[in-house]
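# Working through the structure, step by step
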Amino acid sequence: MARREAPAAGPGSRALIVDVIRSAVSISRVELADVTGLTQPSISNIVRDLITDGIIHEIGSADSVRGKPRKLIAINPANRLGIGFHLGPETLTCVAVDLTGGVVGREVVPLTGDSLPDLLAARFDDFTAALDLPRDRIEGLAVVAPTALPGPSALNGARAALAGRIGLPVMVENDAAAAALGEFWSRRVSREQSFGSIYLSTGIGAGFVFGGALFRGASFDAGELGHMSIAYDGRPCPCGNTGCVERYASMAATVAAARADTALAARLRLGPATSGAYDAIARAAVNGDPAAYELVDAAAGHLAVAVTSVVNLLDLGRLVLTGPGVALAGSIYARRLRTHLARTAHSRHRHDITVELSAQPRDAASIGAAALVVQASVAPGHTPGPVG
């Protein structure tokens, strides 16, 4: 009996198979055929090519009800590497990951006044040399920042020059979107899940992965959660809107509220830098300071309202909270969001909505940047966009 292939075998089928193997950890060829809908000959051909390319390898056998043991295949982690850079306000975070999203190396350095291509090229060379990474296994570099990309920006302008300097493909992306892809890839989330990530920093962003691919929108600007209004007559926002959740729930908003409380600001000795001041507030909140807790809990409540609207709109089933804003007080945000979703999410009677905290919230964007490179290399077709 003839078997219908869905999807048709081709370049997209290779990406599909890699993604299924990634999320399954280990799987047999028979199971691959069942999951993907591809025929056994297609599976055999693609798996053979992936083994030849070193992307996957056979790791043993499992018993089979049909008698003959099934050979198991898995991603070959160390075969290829991705490098990710996250441009922050004052620092550059550099990360290298393997094919499973496992972190191979990490470094944080201060930003200097050098031109962007010169700075990034020099840092790439120094970082990869310090880790003694084989150049022929590095698939490229992705640089992410808190800006909408592509579009007119210093980062996009530097991309081509940087690619020429390092001799490898260079990608650029929004940091919140990259963080979502990194969480999706390293957590081995199934492509069948509707997955979202909330990135809390000085602003607020989000990223969504559907069918294994980042959802980017018409102008690569999807995920601007911070500019979702939660109060039509609320605080004015520089974007031109009013009541944007970023004006109530971002790290910057929480620090501004704390500075307005002169007694709290003096007690916590808040410094001039937003990130340092926010960490002081978050640390005090989780250690039982009532005023600090009240501020962080209020911010978490505002964020929960906006995130619930996104969950209702997209019918998400799994969310990860990440970014420097949840590094210390993530439990407060997670508790607020879980409670609000359990009470008000439209889909609460049909399926669970899982809310998790990132294991590496401060590095999520740089890990995601490196994961973008890895995905573009081994599962092409998931990552459309500018590559130098």
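Residues numbered from 1 in each chain as written. Predicted model: local features only at pLDDT ≥ 70, side-chain atom pairs only at ≥ 80, totals over all residues. Heavy atoms only, no water.

### Observations regarding the pattern of salt bridges
For clarity, the threshold we go by: We define a salt bridge as a contact between a side-chain nitrogen of Lys or Arg and a carboxyl oxygen of Asp or Glu at a distance within 4 Å. Here a strand is any run of E in DSSP of at least two residues, a helix any run of H or I of at least four, and the numbering for each starts at the N terminus. Whether a residue is buried, partly exposed or exposed follows from its accessible area with a 1.4 Å probe, protein chains only, as a fraction of its type maximum: under 20%, in between, or over 50%, in that order.
Using the criterion set out here, one finds 17 salt bridges in the structure. One salt bridge connects Asp289 with Arg267, and the closest N-O pair in it is separated by 2.9 Å. Taken together, the residues Asp289 in the loop between helix 10 (274-286) and helix 11 (290-314) and Arg267 in helix 9 (residues 262-268) connect sequence positions 22 residues apart. We classify Asp289 as buried; its relative accessible area is 14%. Residues joined by salt bridges that share partners form a network here, namely Glu183, Arg187, Arg318 and Glu356.

### With respect to the environment of Arg336
Just so we agree on the cut-off: The contact criterion used throughout is that any non-hydrogen atoms of two residues lie within 4.5 Å.
Of note, Arg336 is situated in helix 12 (residues 330-344). For Arg336, a relative accessible area of 35% gives the class partly exposed. Separated by 33 residues in sequence, Arg336 and Leu303 have C-alpha atoms that sit 8.8 Å apart. Beyond its immediate sequence surroundings of up to four residues, Arg336 is in contact with Asp297, Ala300, Gly301 and Ala304.

### Overview of the pairing of strand 8 (residues 170-174)
For strand 8, a buried count of 5 out of 5 residues is recorded, marking the element as mostly surrounded by other parts of the structure. Alternating residues of strand 8 divide into Val170, Val172 and Asn174 and Met171 and Glu173, and every residue in both groups is buried.

### Observations concerning the sheet that holds strand 3 (residues 70-75)
Quick note on the threshold: The criterion for strand pairing is that DSSP finds at least two bridges linking the strands in question.
Taking strand neighbours across the sheet as the criterion, the 3 strands line up as 1-3-2 in an open arrangement whose pairing is antiparallel. Of all strands in the sheet, those with a lone pairing partner are strand 1 (27-28) and strand 2 (56-62), marking the two edges. Judged from the 2 bridges that link them, strand 1 and strand 3 form a sheet pairing that is antiparallel. The partner of Ile27 across the bridge, within strand 3, is Ile73.

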